[in-house]
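# Breakdown of the fold
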Amino acid sequence: MGQVGWKGLCLSLFDYKTEKYVIAKNKKVGILYRVVQLSILAYLVGWVFVVKKGYQDSDTSIQSSVITKLKGVAFTNTSELGERLWDVADYVIPPQVSHHAFYHMPYLLQSSALQSTGIRDALCSKNRDCPAGEAVIAGNGVKTGRCLKVGSNTNGTCEILAWCPVEKKSKPKKPLLATAENFTVYIKNSIRFPKFKFSKTNVLNTDNDSYLKHCHYSAQHLYCPIFHLGKLVSWAGNNFQDMASEGGVIGIQIEWDCDLDKAASECNPHYSFSRLDNKFAEKSISSGYNFRFAKYYRDAEGVEYRTLIKAYGIRFDVMVNGKAGKFNIIPTIINVGSGLALMGAGAFFCDVVLLYLMKKSNFYRGKKYEEVK
Amino acid sequence: MGQVGWKGLCLSLFDYKTEKYVIAKNKKVGILYRVVQLSILAYLVGWVFVVKKGYQDSDTSIQSSVITKLKGVAFTNTSELGERLWDVADYVIPPQVSHHAFYHMPYLLQSSALQSTGIRDALCSKNRDCPAGEAVIAGNGVKTGRCLKVGSNTNGTCEILAWCPVEKKSKPKKPLLATAENFTVYIKNSIRFPKFKFSKTNVLNTDNDSYLKHCHYSAQHLYCPIFHLGKLVSWAGNNFQDMASEGGVIGIQIEWDCDLDKAASECNPHYSFSRLDNKFAEKSISSGYNFRFAKYYRDAEGVEYRTLIKAYGIRFDVMVNGKAGKFNIIPTIINVGSGLALMGAGAFFCDVVLLYLMKKSNFYRGKKYEEVK
Amino acid sequence: MGQVGWKGLCLSLFDYKTEKYVIAKNKKVGILYRVVQLSILAYLVGWVFVVKKGYQDSDTSIQSSVITKLKGVAFTNTSELGERLWDVADYVIPPQVSHHAFYHMPYLLQSSALQSTGIRDALCSKNRDCPAGEAVIAGNGVKTGRCLKVGSNTNGTCEILAWCPVEKKSKPKKPLLATAENFTVYIKNSIRFPKFKFSKTNVLNTDNDSYLKHCHYSAQHLYCPIFHLGKLVSWAGNNFQDMASEGGVIGIQIEWDCDLDKAASECNPHYSFSRLDNKFAEKSISSGYNFRFAKYYRDAEGVEYRTLIKAYGIRFDVMVNGKAGKFNIIPTIINVGSGLALMGAGAFFCDVVLLYLMKKSNFYRGKKYEEVK
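Residues numbered from 1 in each chain as written. Chains lettered and ligands numbered in written order. Predicted model: local features only at pLDDT ≥ 70, side-chain atom pairs only at ≥ 80, totals over all residues. Heavy atoms only, no water.

## Some details on the overall build of chain A
- The helix and strand tally for chain A stands at 8 helices and 18 strands.
- Here chain A holds 373 residues, and the buried ones make up 55% of them.
- Taking the contacts inside chain A whose residues are at least 6 apart along the sequence as the reference set, 66% of them involve residues at least 24 apart.
- Accessible surface, chain A as shown: approximately 17,300 Å² in total, 57% of it carbon and sulfur. (Helix = DSSP H or I, 4+ residues; strand = E, 2+ residues; numbered from the N terminus. Buried < 20%, exposed > 50% of the residue type's maximum accessible area, 1.4 Å probe, protein only. Contact = heavy atoms within 4.5 Å. Areas by Shrake-Rupley, 256 points an atom, 1.4 Å probe, with all protein chains shown as cover.)

## What to know about the relation of the copies chain B and chain C
- After a rotation of 120 degrees and a shift along the axis of 0.0 Å, chain B superposes on chain C with an RMSD of 0.1 Å. In short, the pair behaves as if placed about a three-fold rotation axis. (Least-squares fit on C-alpha atoms with pLDDT ≥ 70 in both.)

## Thoughts on the UniProt feature "transmembrane region" (unreviewed entry) in chain A
- Those places that UniProt annotates as "transmembrane region" (unreviewed entry) correspond, in this numbering, to residues 31–50 and 336–358 of chain A.
- Secondary structure content for residues 31–50 of chain A is 100% helix and 0% strand, while the C-alpha to C-alpha distance between its ends is 26 Å. (UniProt positions renumbered as here; feature names shortened; annotations may be inferred.)

## Considering the pairing of strand 10 (residues 156–163) of chain B
Residue and element names in this part refer to chain B.
- With 7 of 8 residues buried, strand 10 is to be regarded as a mostly interior element.
- Across 5 bridges, the pairing between strand 9 (residues 141–148) and strand 10 is antiparallel. Residue pairing for strand 10: Val142 is matched across the bridge by Leu161. (Pairing = 2+ DSSP bridges.)

## Comments concerning a nonpolar patch on the surface
- A surface patch of nonpolar side chains, about 750 Å² in accessible area, is lined by A:Leu38, A:Leu41, A:Val45, A:Trp47, A:Val50, A:Val51, C:Phe327 and C:Ile329.
- The topology assignment puts C:Phe327 in strand 17 (residues 304–327). (Patch = residues over 30% accessible without salt bridge, like charges linked within 9 Å, V, L, I, M, F, W, Y side chains within 5 Å. Salt bridge = Lys/Arg side-chain N within 4 Å of Asp/Glu carboxyl O.)

## Here we look at the environment of B:Gly313
- Mapped onto the elements, B:Gly313 comes out in strand 17 (residues 304–327).
- Remark: the alpha-carbon pair of B:Gly313 and B:Leu11, spanning 302 residues in sequence, is separated by 84 Å.

## Observations regarding the interface of chain B and chain C
- Contact with chain B, which involves 63 residues of that partner, is made by 78 residues of chain C.
- Summing both sides of the interface, chain B and chain C together bury roughly 6,700 Å²; the carbon and sulfur share of this comes to 58%.
- Here B:Glu370 and C:Lys20 are joined by a salt bridge, their closest N and O atoms 2.5 Å apart.
- For the interface between chain B and chain C, the tally reads 18 residue pairs in polar contact (both at pLDDT 80 or more).
- It is helix 7 (residues 329–357) of chain B that contributes the most residues to the side of chain B that touches chain C, 7 residues altogether.
- Split into classes, the residues belonging to the side of chain B that touches chain C amount to 31 nonpolar, 12 polar and 20 charged.
- Pairing of strand 1 (residues 16–19) of chain B with strand 2 (residues 21–24) of chain C involves 4 bridges; the strand directions are antiparallel. Each bridged residue has a counterpart across the sheet, and for B:Thr18 the counterpart in strand 2 of chain C is C:Val22. (Buried area = accessible area lost by both parts, 1.4 Å probe. Polar contact = N/O pair within 3.5 Å; in protein donor to acceptor, adjacent residues only side chain to side chain. Nonpolar A, V, L, I, M, F, W, Y, C, P; charged D, E, K, R; others polar.)

## Section: the side chain of C:Asn189
All names here are of chain C.
- Counting through the fold element by element, Asn189 comes out in strand 11 (residues 184–193).
- The buried category is assigned to Asn189, whose relative accessible area is 0%.
- A distance of 3.2 Å separates the side chain of Asn189 from the side chain of Ser64, its partner in a polar contact.
- Of the polar contacts made by the side chain of Asn189, one reaches the side chain of Trp256; its length is 3.1 Å.
- In this structure, Asn189 is in contact with Ser64, Ser65, Val66, Lys200, Thr201, Asn202, Ile254, Trp256 and Val320, ignoring residues within four places of it in sequence.

## Concerning the packing of helix 7 of chain B against helix 7 (residues 329–357) of chain C
- For the pair helix 7 of chain B and helix 7 of chain C, interaxial distance at closest approach is 8 Å and the crossing angle is 65 degrees. The angle between helix 7 of chain B and helix 7 of chain C places the two elements in the roughly perpendicular class. When the axes of helix 7 of chain B and helix 7 of chain C are compared, the crossing they make is left-handed. Only C:Ile334, C:Asn335, C:Ser338, C:Ala341, C:Leu342 and C:Ala345 of helix 7 of chain C make contact with helix 7 of chain B, whose side of the interface consists of B:Ile330, B:Ile333, B:Ile334, B:Gly337, B:Leu340 and B:Ala341.
- The class makeup of the residues in the contact of helix 7 of chain B with helix 7 of chain C is 9 nonpolar, 3 polar and no charged. (Axes fitted to C-alpha atoms, helices over the stretch in contact; angles between N-to-C directions. Parallel < 35°, antiparallel > 145°, perpendicular 65-115°, else oblique. Left-handed = near helix turned anticlockwise from the far one by under 90°.)

## Details of the state of the cysteines
All names here are of chain A.
- Applying the stated criterion to the full structure yields 6 disulfides over all chains.
- There is a disulfide in this structure between Cys258 and Cys267, and the S-S distance comes to 1.8 Å. Judged by the sign of its S-S torsion, about 40 degrees, the bond between Cys258 and Cys267 is right-handed. Both residues of the pair, Cys258 and Cys267, count as buried. (Disulfide = S-S within 2.5 Å.)

## Topic: the sheet that holds strand 2 (residues 21–24) of chain A
- Pairing is mixed in the open sheet, where 3 strands are placed in the order 18(B)-2(A)-1(C). For this open sheet the edge positions go to strand 18 (369–371) of chain B together with strand 1 (16–19) of chain C, each flanked by a neighbour on one side alone. Strand after strand, the sheet turns through a mean of 35 degrees between neighbouring axes, direction not considered.
- Packed on one face of the sheet, helix 7 (residues 329–357) of chain A meets strand 2 of chain A together with strand 1 of chain C and runs near 100 degrees to strand 1 of chain C.

## Quick look at helix 7 of chain B
- Over its 29 residues, helix 7 of chain B runs 41 Å from end to end, which matches the ideal 42 Å to within 8%, given 1.5 Å per residue.
- The distance from a side-chain oxygen at the start of helix 7 of chain B to the backbone nitrogen of B:Ile330 is 2.9 Å, and the residue carrying that oxygen is B:Asn328. (Expected span 1.5 Å × (residues − 1).)

## Topic: the packing of aromatic side chains
- What the rule picks out here adds up to 30 aromatic pairs over all chains.
- A centroid spacing of 6.0 Å and a plane angle of 70 degrees characterise the contact between B:Phe227 and B:Phe273, whose relative ring orientation is edge-to-face. With B:Phe227 in strand 13 (residues 226–228) and B:Phe273 in strand 15 (residues 269–275), this pair connects stretches of sequence that are 46 residues apart.
- Judged by relative accessible area, B:Phe273 falls into the buried class, the value being 15%.
- An aromatic cluster is built from A:Tyr217, A:Phe227, A:Trp235, A:Tyr271 and A:Phe273, whose rings are joined through pairwise contacts. (Phe/Tyr/Trp six-rings, centres within 6.5 Å; stacked < 30°, edge-to-face > 60°.)

## Quick look at the interface of chain C and chain A
- On the side of chain A, 78 residues touch chain C, which itself brings 64 residues to the contact.
- Carbon and sulfur atoms supply 58% of the area that chain C and chain A bury against each other, a total of about 6,700 Å² over both sides.
- Here chain C and chain A share 4 salt bridges between them.
- For the interface between chain C and chain A, the tally reads 18 residue pairs in polar contact (both at pLDDT 80 or more).
- Considering every element that reaches the side of chain C that touches chain A, the biggest residue donor is helix 7 of chain C, with 7 residues.
- Taken together, the residues of the side of chain C that touches chain A break down into 32 nonpolar, 12 polar and 20 charged.

## Details of the UniProt feature "glycosylation site" (unreviewed entry) in chain A
Residues and elements named next belong to chain A.
- Using the residue numbers shown here, the UniProt feature "glycosylation site" (unreviewed entry) corresponds to Asn182.
- Looking at where Asn182 falls in the secondary structure, it is placed in the loop between strand 10 (156–163) and strand 11 (184–193).
- Accessibility expressed as a relative area gives 54% for Asn182, which makes it exposed.
- Of note is the side chain of Asn182, whose polar atom sits 3.5 Å from the side chain of His228.

## What about the packing of helix 7 of chain A against helix 8 (residues 361–368) of chain A?
Residue and element names in this part refer to chain A.
- Direction vectors running N to C along helix 7 and helix 8 enclose 120 degrees, while the axes themselves pass 6 Å from each other. On the basis of the axis angle, helix 7 is oblique to helix 8. Residues Asp351, Leu354, Leu355, Tyr356 and Leu357 of helix 7 pack against Ser361, Tyr364, Arg365 and Lys368 of helix 8.
- Grouping the constituent residues of the contact of helix 7 with helix 8 by class yields 5 nonpolar, 1 polar and 3 charged.

Below is the structure:
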């Protein structure tokens, strides 16, 4: 190309090229196409943008910190323990863990002697039936290697080394701390959406000192995260007294569904409560919730012994999740773009109707497609 | 159709159909269209692909494990406790929990007798005013059912069963372990992005034994996660001595923002620090951080008593989140596709200008739209 | 416009406008275009929809609650401790934490006297070299301010206030609880995808009481989350006896990859195991896992002393993550839309071939672009 050619090319770059259309005066297909267009528009505006907020970039990754504090005091008088008073330092184990609040009710409290030898389960006829050091399956001791026989019986039982007296296999009939129903738990949750640099807590930021001392959580007091234990359990669909005797785990879900295009005050926590251990308590090993721990003492001679505690209790697991959305150009354009592409698909569909399903389709085909040579 | 018809159809399948365009030699609209095209291209390449890495599939779901270890020793000499030395085993409660490091400074250490009866708060005039077993609200005991009167007064106070002596309601004036400022905490964090099967830790993988013994975290020593407590608190915008007396919770956020199309060594942790409990310490019940726990003893006669500890301390919550991105064909095509669809919208906009806003728009309309019959 | 004009406009709204095409009887480009179309269709259907399930809305935000329980008993007979029996209450510290199961093997158990004065490390020639209250770096005590000299030496060592006797710097040669290999750990995990309101646990919901008492986890018993410690460690690629002597952290990853368009029974947990502390145990300070804690006693005179325990043990970190997908119209349309837009790009590419690279491209250009005036 010469100089003129290049100039022409440059000029032609700024010519506007527009697709040539054929107007088919066919009202049926015309109306069909308008219906398709309106449907897509309605879907895009109504569903994608208004309902699903498709113009927002959303993020579900949330940073969360939880502080819990139980409050309450209870008195028990049982034959095993005598008179006893339980306050926070006694029934919260371990003292502080994030995302947890736990109170236990020791059912079985026995001071067991140092490990000594006792007799148990396994049957034997000679010492070789009791290999020394072998653990008793699901038991609390190891075999010593001796077979103990009473009198002249040919069968005896293996001698077991265990903490004595051995723990009784029994379940509590009634909850020890029945009044724990009136305890309260304070759950402070600070969250942050790192993507949007947005932070909030679930506690009212108030100067009024007495507010948090007297309020209780309810729909009206959303920012007073002080829960009555009995209500927590009933909101999870259970009866406190039933649950307390077997122990259990209550999940406290805090959901933060935040539209950050609105004011920060519109971003509120939403609580829900559910029971996480197996409800069919009688049937399954996985029901209820209990664990054992020990306190250690030394007597005057310095000999160590321990008090084994089998604690039935209710653990409150605080689970926090959230979703934040904020206007962002990329998802907006992706959604608009895919809607427009869909319009093209609608036109293709109407073309098929016009060119193949109409009476005069041959005629329209000839007009639409201009054959070359 | 006959055989010829089918053959023709088959052949015509491989005819190439291309849209017919009308060239409008209108420089204004032509330049407008080029500007629109270039804008979309610049947005697509510059913003979507270069800045926002729209060619990557990203994931924010991260598996994280944290190991923490405090180090330091402090000496105190107070009237209540006498001379006392505090090392890790004394001030870390509970000994080990993932995503936490906690050191406590016991402010109130009182050996309280077994539960005994004392006199407190509630006013009464007869025994019926003190229902037995009723807990004293926000108190530490339960009523015994007796109303104690001094001399011939008509009013007295209910007898309360509590751990005695009862805890004093007071706040510490100065932090007990002021030298805790010089303690260090080691925070090891192992992460994994399960979607991309990528793992990393925040500790330098070195043969040099002495490196981790002497280094401290700084921008230069990003892979030495050993933090000086005083600096941690000051990075969170607080003064250690102020904070230590009331207790508090410091959030340590570790963010992993990884571009997995680059080398693994480019994927570095980013630390940030913030205070999670309420800063307005004087004003609110939710300020500071403390909890109570107890140690149990038996005296020579086997009678149990306890030492109640109200511990003020600083809890360090390690919160890990991350985002990993890697090239993936699907988001790439979605972004390119939505960009192309946008080009179509641009053409539609220019059409409107050409066909309805230009002087010669009638002429162009007639050319673009070919009326049939 | 008059009344007729408006009526005409209204009617013309329902005229169907369809793009005019030029048929280029060029088989090469025709076949090229069909190949491009088929490739895009194959990618869209095969990769995006079948393999990547592009028709689903997916979510990786998961709510998870974990309950762990260790089981087993072991017997040790060492010179330091004498005969000793270890059951759950003895070796699990702290007793219960979600997402954790930990058993420790105390290596170093020393009853240290109350803090008293001893001699250590730091060299000095006069008292001023030993500032009172200064902590000994990485040590266990603080300086008292006195420089102790033996006889007439000019150099001595600073006097240190510490828990005495001071802890020996030594590592265990062999694991104390070698038989811990046979312990079992029960890990119950309840998950919930809040976006889809879908919940599941990893424990078989059975009436058969004995199932969970006797089963062990394996590929056949996916819903029996009872793990043999030795196997857990070997699945993580380590030898239990090697690991147990130094301590360590084992990560148990539970992945829930759920297609919620299928039955709930198709949504199964997938376990994987890895070691999270540094494997190169000899080389690095960050290897192994141990911590110190103390038990406190009072002797007959009420003087407090403590037993310091340096515990080597294995911590099991349960990390849960998941992904759920369910049919949703929005991602479906985005993927279809971007595929269609790609078709347009394919047509543009074929146009370039036809209009610029073919022999008769001049002719085709003239036909495609109709010049106006």
